[in-house]
Amino acid sequence: MASNAMTGGLVAGSHTRNELHVLHGDDEQRPPTRQSVSKTCRVCGDEIGYKEDGELFVACNVCGFPVCRPCYDYERSEGNQSCPQCNTRYKRQKGCPRVAGDDDENFDADDFDDEFQTKNHHDDSDRQHVTIHSENGDYNHPQWKPTGSFAGSVAGKDFEGERETYSNAEWKERIEKWKVRQEKRGLVNKDDGNNDQGDDQDDFLLAEARQPLWRKVPIASSKISPYRIVIVLRLIILAFFLRFRVLTPAYDAYPLWIISVICETWFAFSWILDQFPKWFPITRETYLDRLSMRFEREGEPNRLSPVDVFVSTVDPLKEPPIITANTVLSILSVDYPVDKVSCYVSDDGASMLLFDTLSETAEFARRWVPFCRKYSIEPRAPEYYFSEKMDYLKDKVLPSFVKERRAMKREYEEFKVRINALVAKAQKKPEEGWVMQDGTPWPGNNTRDHPGMIQVYLGSEGALDVEGKELPRLVYVSREKRPGYQHHKKAGAMNALVRVSAVLTNAPFMLNLDCDHYINNSKAVREAMCFLMDPQLGKKLCYVQFPQRFDGIDRHDRYANRNIVFFDINMKGLDGIQGPVYVGTGCVFNRPALYGYDPPVSEKRPKMTCDCLPSWCCCCCGGSRKSKPKKKGGRGLLGRLYTKKKKMMGKNYVRKGSGNMFDLEDIEEGLEGYDELEKSSLMSQKNFEKRFGQSPVFIASTLMEAGGLPEGTSPTSLIKEAIHVISCGYEEKTEWGKEIGWIYGSVTEDILTGFKMHCRGWKSVYCMPKRPAFKGSAPINLSDRLHQVLRWALGSVEIFLSRHCPLWYAYGGKLKWLERMAYINTIVYPFTSIPLLAYCTLPAVCLLTGKFIIPTLTNLASIYFMALFLSIIATGVLELRWSGVSIEDLWRNEQFWVIGGVSAHLFAVFQGLLKVLAGVDTNFTVTSKTADDAEFGELYLFKWTTLLIPPTTLIILNMVGVVAGVSDAINNGYGSWGPLFGKLFFAFWVIVHLYPFLKGLMGRQNRTPTIVALWSVLLASIFSLIWVRIDPFLPKQKGPILKQCGVDC
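As named in an unreviewed UniProt entry, the protein is Cellulose synthase, taken from Betula platyphylla. The UniProt entry for the protein carries the following comment under Subcellular location (unreviewed entry): "Cell membrane". Comment text from UniProt for the protein, heading Catalytic activity (unreviewed entry), reads "[(1->4)-beta-D-glucosyl](n) + UDP-alpha-D-glucose = [(1->4)-beta-D-glucosyl](n+1) + UDP + H(+)".

Draft legend 1. Seen up close, the overall build of the protein. Each helix and strand counted, the protein has 32 helices and 19 strands in total. The buried share among the 1049 residues of the protein stands at 52%. With the model as given, the accessible surface of the protein reaches about 49,900 Å², and the carbon-plus-sulfur share is 56%.

Draft legend 2. Spatial organisation of the side chain of threonine 357. Topologically, threonine 357 is positioned in helix α10 (residues 352–375). Sequence-distant contacts of threonine 357, defined by excluding residues within four places in its chain, comprise Pro321, Ala325, Ile419 and Leu422.

Draft legend 3. Highlighting the nonpolar core. One finds Trp368, Trp442, Leu474, Leu511, Met529 and Val544 to be the most contacted residues of the largest nonpolar core, which totals 76 residues. Looking at this core element by element, the count peaks at 13 residues for α10. Setting aside residues no more than four positions away along its own chain, tryptophan 368 makes contact with Leu329, Ser333, Arg380, Ala381, Pro382, Tyr385, Phe386 and Met408. Formed by 68 residues, the second largest nonpolar core is a distinct cluster that contains Phe567, Leu594, Tyr595 and Tyr766.

Draft legend 4. Region of the structure containing the state of the cysteines. For the structure on display, the rule yields zero disulfides. With no disulfide of its own, cysteine 68 lies 3.4 Å from the sulfur of cysteine 71, the closest cysteine sulfur.

Draft legend 5. Inspection of the confidence of the model for the protein at higher detail. With 70% of its residues at a pLDDT of at least 70, the protein reaches an overall mean of 75. Ignoring residues within four places in sequence, the model shows residues 25–38, a span with pLDDT below 50, making 42 contacts including any to other chains. Counting interchain partners and residues more than four positions distant, the pLDDT-below-50 stretch residues 924–934 has 24 contacts.

Draft legend 6. Fine view of the side chain of glutamine 275. Note that glutamine 275 resides in helix α7 (residues 254–275). Separated by 2.5 Å, the side chains of glutamine 275 and tyrosine 227 make a polar contact. Apart from the residues lying within four places of it in its own chain, the contact partners of glutamine 275 are Tyr227, Ile231, Arg234, Thr875 and Glu879.

Draft legend 7. Expanded view of the sheet that holds strand β14 (residues 549–551). Within the open sheet, the three strands sit side by side as β12-β17-β14. Their pairing is mixed. In this open sheet, the two strands that pair with only one neighbour each are β12 (518–519) and β14. Sheet topology places β14 next to strand β17 (residues 774–777); three bridges connect them, and they run parallel. Paired with arginine 549 across the strands is lysine 775, a residue of β17.

Draft legend 8. Focus on the UniProt feature "binding site: Mn(2+)" (unreviewed entry) in the protein. Residues annotated by UniProt as "binding site: Mn(2+)" (unreviewed entry) correspond here to Lys490 and Asp514. For the residues just named, distributed over 25 residues, the greatest C-alpha separation is only 10.4 Å, placing them together at one site. Tracing the backbone through its elements, the reader meets lysine 490 in helix α13 (residues 489–504). Since its relative accessible area comes to 25%, lysine 490 is described here as partly exposed. If sequence neighbours within four positions are ignored, lysine 490 has contacts with Ser312, Asp514, Gly584 and Glu749. If sequence neighbours within four positions are ignored, aspartate 514 has contacts with Val311, Ser312, Thr327, Lys490, Gly584 and Thr585. A polar contact is formed between the side chain of aspartate 514 and the side chain of lysine 490, at a distance of 3.0 Å.

Draft legend 9. The packing of aromatic side chains, seen in detail. This structure, assessed with the given rule, holds 49 aromatic pairs. Relative to phenylalanine 698, the ring of phenylalanine 692 has its centre 6.0 Å away and its plane inclined at 65°; by these criteria the two rings are edge-to-face. Accessibility assignment for this pair places phenylalanine 692 and phenylalanine 698 in one class, buried. Here the aromatic residues Phe364, Trp368, Phe371, Tyr375, Tyr385, Phe386, Phe401, Tyr412 and Phe415 are joined through ring pairs into a cluster of three or more.

Draft legend 10. Layout of the pairing of strand β11 (residues 509–514). Among the six residues of β11, six are classified as buried, and the element is accordingly described as predominantly covered. Side chains Phe509, Leu511 and Leu513 of β11 all project onto a buried face; the interleaved residues Met510, Asn512 and Asp514 project onto the opposite face, where all are buried too. Sheet topology places β11 next to strand β15 (residues 587–590); four bridges connect them, and they run antiparallel. Among the inter-strand pairings, methionine 510 is bridged to a residue of β15, identified as phenylalanine 589.

Draft legend 11. How the structure looks around the packing of α7 against helix α25 (residues 833–849). Packing of α7 against α25 leaves a shortest axis separation of 9 Å and a crossing angle of 140°. As far as their axial angle goes, α25 and α7 are oblique. Crossing hand, α7 versus α25: left-handed. Every residue of α25 that contacts α7 at Leu256, Ile259, Ser260, Cys263, Glu264, Trp266 and Phe267 is listed here: Pro835, Leu836, Ala838, Tyr839, Leu842, Val845 and Cys846. Residue composition of the contact of α7 with α25, grouped by class: 12 nonpolar, one polar and one charged.

Rules used throughout
Residues numbered from 1 in each chain as written. Predicted model: local features only at pLDDT ≥ 70, side-chain atom pairs only at ≥ 80, totals over all residues. Heavy atoms only, no water. UniProt positions renumbered as here; feature names shortened; annotations may be inferred. Helix = DSSP H or I, 4+ residues; strand = E, 2+ residues; numbered from the N terminus. Buried < 20%, exposed > 50% of the residue type's maximum accessible area, 1.4 Å probe, protein only. Areas by Shrake-Rupley, 256 points an atom, 1.4 Å probe, with all protein chains shown as cover. Contact = heavy atoms within 4.5 Å. Core = buried A, V, L, I, M, F, W, Y, C linked by side-chain atoms within 4.5 Å. Disulfide = S-S within 2.5 Å. pLDDT = per-residue confidence, 0-100. Polar contact = N/O pair within 3.5 Å; in protein donor to acceptor, adjacent residues only side chain to side chain. Pairing = 2+ DSSP bridges. Phe/Tyr/Trp six-rings, centres within 6.5 Å; stacked < 30°, edge-to-face > 60°. Axes fitted to C-alpha atoms, helices over the stretch in contact; angles between N-to-C directions. Parallel < 35°, antiparallel > 145°, perpendicular 65-115°, else oblique. Left-handed = near helix turned anticlockwise from the far one by under 90°. Nonpolar A, V, L, I, M, F, W, Y, C, P; charged D, E, K, R; others polar.

Okay, structure coming up:
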């Protein structure tokens, strides 16, 4: 990525008003970027090389899949000995050692001798200096090409860093094991033991670098096979159970029976949607040392791909600036090359408080970043590092660490005081508005009517750290807002960041974080690069999703804030299909996927056909000499444009070109005077403008898969273009929010955005490093948690009622059926609240009326019930076994499924219907009370909200029903206890699931809020009156009253 010198002051402007104001701006010249293309291995990304006769090395003679000689040797000796594309077994080529399964072929005696000539390091004349191009790099890098074998010297500082992780004995043992494997493969002679140990280490490191960057770890068959068997058995038992329920109606309680059967059928359907996407769970492992060996070789430019990091915030008074500052500091100090990291902070509230906070953060980063890098600090967010209860001296060997840590902690406390002063100052806005330090009025004084603003704090030409080293770029962005324009909240802000970053840095990958999610693992970006920079898998990935982990949650996780079941079970299951869903944060995107491009199509092996037979014979035999024509509507706009470009450029067409597709600055309205080729070019320009907007620089950046900036650009022109792309009217009459970027139309834009990418055929990957990559904060009190769930459920309802509903969208596309089933479950689950509410009410109604949903509990019915409950328990136990989730987390998830289902999900359904169908937007207000507790004080903070009414009513109703049922059994004698047990079990099932809700109402030390007490007394009185009206204690007789006459008949 080219070094970018940007302005040193705030730039504010409006493209629609033709205004641009630069405060203390300075222009610097930007070096041009270069890219090249060469024949590379599709496995490791290195040069394929040539054979001894000068011809290009071809591993597979069937499909010609490009593989280099070292990868070919490795696949034959350690892999499955077949081509990765066509699965044809590799044939032994001249100079290759024999492996098991090779046919007896006639080779020359020289060929037999070549099997043992593997050491050619000391003959410099045999080496050829070649240039290669990584699929993810931007430059030509010199590399030695060995002629005799694949062993070569690549030892560097990163490889020495790997060696430091082992003791001397462990390192020697590892190399010895590698040498033994090489001897068994015939690549090393035992007589070579007199060679230097450094050569052995170089050979070992080079062999390690050529191995895959990640591997798929399937669940052991001893764990997953019983799990699948139980799922099938449960499905069969469920079918028999529903058949029994339908064929045995309760005529004395027919309405209750009808309601119960409908609810149970819906629950069965919901379980199928949730269960079967977990059929193929997998886990993945990454190899960070191999990533460094491959892309960070000593003496060569660093070839790791640049990354743009997005942080979004709206109101710094609700989202504390110190939390945002910690997130930014963790990004700036991430373990990644500083010139390849850029942090963009979106301020959608145009707050001067956040602007000043970032200024202070940039200054503090000059000391914090080198401290983290010097002592390998984890986590690199100072607030959480200094507050962590741990032995901070563990693994620290430098004597200066203690002194510097104390000094850094003192500086951070002073930094916090300065931020607190800014927050205190921002509580009261002056009548004349905010004024900057130089006396200039703050452009964002009117948060709903202000120009776009950009400020670059750090960067290649900005402030250096205290050691004189470069820092990552930090950019403040506030998009333009004007009355009368639709801004689309967070999704619109993210799309503005996509465009700004494309103009200023244009990194091929983008990391999306919420302002309260800091980087907990400094190597998190490298974890993602192990997948995204993989030569085979990387180009087909739209994003790498990390699980969400949270701080500040109580040990018991009363309201399932951690979502362990979803992140550790459901997401692993989706990773085995087409990939996990996008959850809104902690996700590294592939930029072309957000631009609406289709993933690259894999080269398929040509079908075996013959031209010796007539066409009718080929048709009868199932063959064909002509492929079927593709549907005209099967490709998107961009696919047609690239096809048009291929035809226009002929053999010189390159998909990964770094230059502009066309001269985008020469667009004119008319096409007079142009030949056919130029007319085709201009028409394609118009199509791109209709899709991406009228920004030549941005359009040029969309065609550069490897990133980088167009040649000949200057900082001034780029800043002006960046102001243009964040103007409020830029997205009008374009595909933004419809097919490009974050998709509009739902408050849960994350689900919708990931769904559109999967429909195009992209895949995603779930990455779970041992140390959590990111950590955030979650609402832990009951009311805030319910409102969070309400927002998610409302977004699902909006998607269900839109054209993007997975029930009917994109059939015939590239979305796999199990993946579609998972997406259907994500938008259907709020509607489960209606049958769930009815089902939780049935126990109380049965206890109060003396009726039951099952007529008689026969032996067959008992078997069905027992089998169903045992299958449910077995499924849960086996699921815990392969996932590693604790039984407490599973139980908390079940409890909150009921709590959220009868409250937040129910309100979301009606709110979504009113919003989409009637255009009525309803909001539920929350009023809070103060909490006195210090630790987890927010857990016991009570906030009354309308969402608490349905669960409260259900608890009281079932409690009254239990009392009424037991009283009736006592009154009627021993015979009435048998039928009562089924009803009591039903009622206790509801009460136990709602117990955390009841605990939340009571608060700490059983302090019940007054409003809850009044509500409970009111409901208890109502149900008492209903109970008296029912009058179950008096026997009800029909017909004449019969008395004994005293005569023995």
